[in-house]
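Examination of the molecular architecture
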Amino acid sequence: MSDGTRSDTYAELAALGPYGVHPGHALITMVEPRPGHEYAYNRWYEDDHYYAGAMAMPWMFAGRRWVATRELQELRYPEKSAVAQPVGAGCYLSTYWVTDGRYDDHMKWTVGINKRLNRDGRVYQDRTHVFTAFQDHEATVYRDGAAGPRDYHALDHPYRGLVLQVIDAEGAGQRAELLEWLRSRHLPKRLGGSPAAMVTAFRPTPLPGDRMTYVKQVEGVDTRVTLLWFLQEDPRDCWAEHFTGLDAAVAESGLGRVELVAPFIPTVPGTDRYVDQLR
């Protein structure tokens, strides 16, 4: 074909494989723009990369950006974190859902497109990936059972906040037990009467060997669990009552240790709101 896009192949691919709406996989990426580059980074990400490097890709069907102002960064714990050094690093968080069963297909496209974007000078280099990983969905726990939005709505529903919690199991053999404890005991108890409507639980997958060099390989592939708490209130208004002590609760279980609890609020797309509050 004259345009070289192989458009006929798209019709063939659409007729094959899973195409449900369950978020079987996620990309969770926490990034720190280098000092002095906050505004430029925000504009690049919102105006170009969020779309060209994420939402325009096959099987990535929902996305949302979040931000941690200095005030929110100061709420994070533990102080010594295996995820963020210092613990306040990573003021922007992006979350994306990938269709269940389409991880391999999506990864082939994302590696290819990011190589092209880098070659074409469309990758902003003055930033640091603090915590970036594709992840497989393990569980969703709802506060209100069948009522309310489902997890596939989570990145479109107007939640007022998000809490990222990262837990490392004591060993690879204990992660399944940790996940079961979270799913059946800990999360239902913590969600009851809280401003969090749901918690999604994921486990990281290794990045491909041909990933871009500025993204480091994922740590804790065999031991780590990533939780996303979706809040109906601003995290600053409910932090003391509902989100302190999560590290102690996990430690008491004997199944793992909390490496990060970090609150965020949604960005306002198309604006630089909050950029002047990052430092």
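Before any of the text, the structure's been laid out above.
This section reports on the structure supplied with the text. (Residues numbered from 1 in each chain as written. Predicted model: local features only at pLDDT ≥ 70, side-chain atom pairs only at ≥ 80, totals over all residues. Heavy atoms only, no water.)

**Quick word on the environment of Pro263**
Its place among the elements puts Pro263 in strand β8 (residues 256-266). Residues Pro263 and Phe243, 20 residues apart in the sequence, show an inter-C-alpha distance of 9.2 Å. Ignoring anything within four residues of it in the chain, the contact list for Pro263 reads Ala68, Leu72, Leu75, Arg76, Leu162, Val163, Pro235 and Trp239. (Helix = DSSP H or I, 4+ residues; strand = E, 2+ residues; numbered from the N terminus. Contact = heavy atoms within 4.5 Å.)

**Topic: the pairing of strand β6 (residues 196-204)**
Among the 9 residues of β6, 8 are classified as buried, and the element is accordingly described as predominantly covered. Bridge analysis of strand β4 (residues 127-142) against β6 gives 7 bridges, and the strand direction is antiparallel. When the sheet's bridge partners are listed, Ala139 is paired in β6 with Ala201. Relative to strand β7 (residues 224-231), β6 is paired through 6 bridges, and the arrangement is antiparallel. Bridge assignment links Ala196 to a residue of β7, and that residue is Leu231. (Buried < 20%, exposed > 50% of the residue type's maximum accessible area, 1.4 Å probe, protein only. Pairing = 2+ DSSP bridges.)

**Concerning the sheet that holds β4**
If you walk around this closed barrel you meet the 8 strands as β1-β3-β2-β8-β5-β7-β6-β4, and the pairing is antiparallel. Going from strand to strand, the sheet's axes swing by 35 degrees on average, the running direction of each strand aside. Across the face of the sheet, helix α7 (residues 246-253) comes into contact with β5 (161-169), β7 and β8 while running at roughly 155 degrees to β8. (Axes fitted to C-alpha atoms, helices over the stretch in contact; angles between N-to-C directions.)

**Comments concerning the side chain of Thr110**
Within the secondary structure layout, Thr110 lies in helix α4 (residues 103-119). Apart from residues no more than four positions distant in its own chain, Thr110 is found in contact with Met57 and Phe134.

**Focus: the pattern of salt bridges**
In total, this model carries 19 salt bridges according to the counting rule given. Measuring nitrogen to oxygen at the nearest pair gives 2.9 Å for the salt bridge that ties Asp47 to Arg43. One end of the pair is Asp47 and the other is Arg43, both in helix α2 (residues 38-55) and 4 residues apart, which spans about a single turn. Between Arg183 and Glu180 there is a salt bridge; the shortest N-O distance is 3.5 Å. With Arg183 and Glu180 both in helix α5 (residues 175-191) and 3 residues apart, the pair spans about one turn of that helix. Arg183 sits in the partly exposed class, given a relative accessible area of 33%. Judged by relative accessible area, which is 39%, Glu180 ranks as partly exposed. Among the charged side chains, a salt-bridge network with shared partners connects Arg43, Glu46, Asp47, Arg65 and Asp272. (Salt bridge = Lys/Arg side-chain N within 4 Å of Asp/Glu carboxyl O.)

**Observations regarding the environment of Asp156**
Residue placement: Asp156 occurs in the loop between β4 and β5. Note: C-alpha distance between Asp156 and Pro33 (123 residues apart in sequence) is 25 Å.

**Let's talk about α2**
Over its 18 residues, α2 extends only 22 Å from the first C-alpha to the last, a length that falls short of the 26 Å expected when each residue adds 1.5 Å. In α2, a bend of some 55 degrees at His49 exceeds every other bend along the element. Every buried residue of α2 is accounted for by Glu38, Tyr41, Asn42, Trp44, Tyr45, Glu46, Asp48, His49, Tyr50, Gly53 and Ala54. Of the surrounding elements, those touching the buried residues of α2 are β1 (23-33), β2 (60-67), β3 (92-99), α4 and β4. (Expected span 1.5 Å × (residues − 1). Bend = angle between axes of the 7 residues up to and from the residue.)

**Quick look at a nonpolar patch on the surface**
Taken together, the side chains of Val21, Phe61 and Tyr152 make up a nonpolar region of the molecular surface, amounting to roughly 250 Å² of accessible area. Residue placement: Val21 occurs in the loop between α1 (7-14) and β1. (Patch = residues over 30% accessible without salt bridge, like charges linked within 9 Å, V, L, I, M, F, W, Y side chains within 5 Å. Areas by Shrake-Rupley, 256 points an atom, 1.4 Å probe, with all protein chains shown as cover.)

**Considering the nonpolar core**
It is characteristic of soluble globular proteins that their nonpolar side chains tend to be buried jointly. Met30, Trp97, Leu164 and Phe230 are the most contacted members of the largest nonpolar core, which totals 53 residues. Excluding residues within four positions of it along the chain, Phe230 makes contact with Trp66, Trp97, Ala154, Leu155, Tyr159, Gly161, Leu162, Pro195, Ala196, Ala197, Met198 and Thr200. Counting residues in each nonpolar core, the second largest holds 27 residues, with Leu182, Leu191, Val199 and Cys238 among its members. (Core = buried A, V, L, I, M, F, W, Y, C linked by side-chain atoms within 4.5 Å.)

**A few points about the side chain of Glu259**
Along the chain, Glu259 falls in strand β8. Since its relative accessible area comes to 8%, Glu259 is described here as buried. Every residue in contact with Glu259, bar those within four places of it in the chain, is listed here: Pro78, Lys80, Ser81, Ala82, Val83, Val166 and Asp168.

**A closer look at the packing of aromatic side chains**
Under the criterion given, the structure shown has 16 aromatic pairs. With 5.7 Å between their ring centres and 45 degrees between their planes, Tyr41 and Tyr92 make a pair best called tilted. Residue Tyr41 is located in helix α2, and its partner Tyr92 is located in strand β3; the two are separated by 51 residues in the primary sequence. The pair Tyr41 / Tyr92 is uniform in exposure class, with both members buried. Relative to Tyr51, the ring of Tyr50 has its centre 5.0 Å away and its plane inclined at 90 degrees; by these criteria the two rings are edge-to-face. On the accessibility criterion, Tyr50 (14% relative accessible area) is buried. (Phe/Tyr/Trp six-rings, centres within 6.5 Å; stacked < 30°, edge-to-face > 60°.)

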